[in-house]
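This is what each chain is made of:
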Amino acid sequence: MGRYRRTGSVRRPALRPASALPSGPVAKYYLYKLTATAGLTVPVWVLFLRAQHLSYTEIMLLDAIWWVGLTAGEIPTGYVGDRMGWRNSLVVGNALRAAAVVAMGLVSTFAAFAGVYLLWALGSTLMSGSTDAWLYETLERRGDADAFAHCRGRGQSLTLAAGAAAAVLGGYLGTVSFRLPFLVTGVLWAGGAVVLATMPAVAVADDDRLTVLEALPVLRERLLSVELRGVVLWVAVVLAVANATGRLTQPVAVDLGVPSAWLGWLYAGFTVFAAVASDRSAWLRDRFGFDGWLLLGPAVLGGLLAAVWFAPVVALPAFVLVRVVRTPTETLANEYINDRVATAGRATTLSGVSMVNAVVAIPFGVALGAAADLSPSLALAGIGSVLLALVGVVALGGLVTTDAPEPRSAD
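Residues numbered from 1 in each chain as written. Predicted model: local features only at pLDDT ≥ 70, side-chain atom pairs only at ≥ 80, totals over all residues. Heavy atoms only, no water.

## Considerations on the overall build of the protein chain
Link 1 in the chain: On a plain count of helices and strands, the protein chain comes out with 16 helices and two strands.
Link 2 in the chain: Considering only intrachain contacts with a sequence separation of at least 6, the fraction spanning at least 24 residues in the protein chain is 85%.
Link 3 in the chain: For the protein chain, the accessible surface area stands at approximately 16,200 Å², while carbon and sulfur atoms represent 68% of it. (Helix = DSSP H or I, 4+ residues; strand = E, 2+ residues; numbered from the N terminus. Contact = heavy atoms within 4.5 Å. Areas by Shrake-Rupley, 256 points an atom, 1.4 Å probe, with all protein chains shown as cover.)

Encoded structure:
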């Protein structure tokens, strides 16, 4: 048995050297993550929608439609992932997303965009729980489940690194046509579906599968458990703030004098910082503890966003911090949850977590869009102040506590 280091109240084996070569399944997972970026579209997304004469409120309403689609689809598609196999769920989900991003580049009305967002949400729900469930189960079956944060963080960093390069290209493609980055992304994601189809399936025994009648009660019990409910809700709030503020990056940057053609380079810089943070997820867990990071990251982010009201240029480093806080928070939260659920219904539970994220994201996004129609700087400062206040409530009230996972039955 290897050396152990303590993180919060959970003892974990020391990580393997980062230079160690990944196994075949993990290598394919990394290859898929290289294709998973939406970086080509990110520098032009909001500008494209604004060019179709959509207001900020309408743009955030589209995000709300996306989150509603996720909310409605997470439980049934998570259940489908557990039943049809996580790899198959990933292949179908990625193919639907590829179709949606191509359609995104072809339509121009609010109603059509709403339909595209719903299709995209369906594809994403088929992937949200199954991706982490497949990786965790693959690692656990070779006795390496404690490497989940490292592998997921490394995979996310590869997506972000590819996204940095893609953002530069997407910025220049956008100067030709705002629609072009969406069409090229569809081709990239279709290639990702092919990679997913070559990944090994993870067979789940019949007694580790949930029936329809079992899925919802088990999900309710797990999400409302003392060890999960506070963490799941607070992480949902942090991710909601990060996702909503990220939508204002392009218009605020342009208002600050950044040429549209340079947005790709700007996003590339943002993404590099996020990739480093993702790759260091396990280090952040070891350095601050999971519960410590849940307070430190949001507190610094909230303070920097609030400062935008006094110095608008602070928005640029705040947009960097949004990405730096979001990626490791999501990775470490998924590890924490995976440590506390068994094989049976793993994708269903993770999809339930994504559903909570979706429900929480809707009011934050709509409120931020309405405020942005008055002033983007006011919107950023306001949501930063709200986040700071919530950090204080969580810290003083001890609403987020983490502890060691309950022993799981052998798979």
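Right, picking up where we left off after that structure.
## Some thoughts on the confidence of the model for the protein chain
Link 1 in the chain: Across the protein chain, pLDDT averages 80, with 79% of residues at or above 70.
Link 2 in the chain: Contacts for the low-pLDDT stretch residues 1–19, under 50 throughout, to residues beyond four places or in other chains number 36 contacts.
Link 3 in the chain: Of the regions scoring below 50 in pLDDT, residues 404–411 engages in 22 contacts with residues more than four places distant in sequence or in other chains. (pLDDT = per-residue confidence, 0-100.)

## Here we look at the packing of helix 12 (residues 281–288) against helix 14 (residues 315–338)
Link 1 in the chain: Where helix 12 meets helix 14, the axes come as close as 9 Å, and the angle between the chain directions of the two elements is 75°. In this view, helix 12 runs roughly perpendicular relative to helix 14, as classed from their interaxial angle. Only Pro328, Thr331, Leu332 and Glu335 of helix 14 make contact with helix 12, whose side of the interface consists of Ser281, Leu284 and Arg285. (Axes fitted to C-alpha atoms, helices over the stretch in contact; angles between N-to-C directions. Parallel < 35°, antiparallel > 145°, perpendicular 65-115°, else oblique.)

## So, the side chain of glutamine 52
Link 1 in the chain: When you line up the elements, glutamine 52 lands in the loop between helix 2 (45–51) and helix 3 (56–84).
Link 2 in the chain: Ignoring sequence-local partners within four residues, the contact set of glutamine 52 consists of Ser108, Phe113 and Arg179.

## Section: a nonpolar patch on the surface
Link 1 in the chain: Nonpolar side chains collect at one region of the surface, where Trp283, Phe288, Leu296 and Val300 lie side by side and expose about 350 Å² of accessible area between them.
Link 2 in the chain: Mapped onto the nonpolar patch, the elements with two or more residues apiece are helix 12 and helix 13 (290–306).
Link 3 in the chain: Structurally, the position occupied by phenylalanine 288 is in helix 12.
Link 4 in the chain: Classification of phenylalanine 288 as partly exposed rests on a relative accessible area of 34%. (Patch = residues over 30% accessible without salt bridge, like charges linked within 9 Å, V, L, I, M, F, W, Y side chains within 5 Å. Salt bridge = Lys/Arg side-chain N within 4 Å of Asp/Glu carboxyl O. Buried < 20%, exposed > 50% of the residue type's maximum accessible area, 1.4 Å probe, protein only.)

## Notes on the nonpolar core
Link 1 in the chain: Counting residues in each nonpolar core, the largest one holds 83 residues, and the members touching the most others are Leu49, Met104, Phe113, Trp120, Trp234, Leu248 and Leu380.
Link 2 in the chain: For this core, the leading source of residues is helix 9 (residues 226–246), giving 13 residues.
Link 3 in the chain: Non-local contacts of leucine 248, meaning those with residues more than four positions away in its chain, are made with Tyr56, Met60, Phe319, Leu368, Ala372, Pro376, Ala379 and Leu380.
Link 4 in the chain: If you look at the next biggest cluster of nonpolar residues, it comprises 21 residues, including Tyr32, Leu135, Ala147 and Phe148. (Core = buried A, V, L, I, M, F, W, Y, C linked by side-chain atoms within 4.5 Å.)

## Regarding the packing of helix 6 (residues 148–176) against helix 11 (residues 263–279)
Link 1 in the chain: Two numbers describe how helix 6 lies on helix 11: the axes approach to 8 Å, and their chain directions differ by 175°. In terms of their interaxial angle, helix 6 and helix 11 are classed as roughly antiparallel. Across the interface between the two elements, Gly153, Arg154, Gln156, Ser157, Leu160, Ala161, Gly163, Ala164, Ala167, Val168, Gly171 and Tyr172 from helix 6 touch Gly264, Trp265, Tyr267, Ala268, Thr271, Val272, Ala274, Ala275, Ser278 and Asp279 from helix 11.
Link 2 in the chain: Partitioning the contact of helix 6 with helix 11 into residue classes produces 12 nonpolar, eight polar and two charged. (Nonpolar A, V, L, I, M, F, W, Y, C, P; charged D, E, K, R; others polar.)

## Things to note about the environment of glutamate 330
Link 1 in the chain: Relative to the helices and strands, glutamate 330 resides in helix 14.
Link 2 in the chain: Through-space distance from the C-alpha of glutamate 330 to that of alanine 236 is 9.2 Å; in sequence the pair is 94 residues apart.
Link 3 in the chain: Sequence-distant contacts of glutamate 330, that is, excluding residues within four places in its chain, are made with Arg152 and Leu239.

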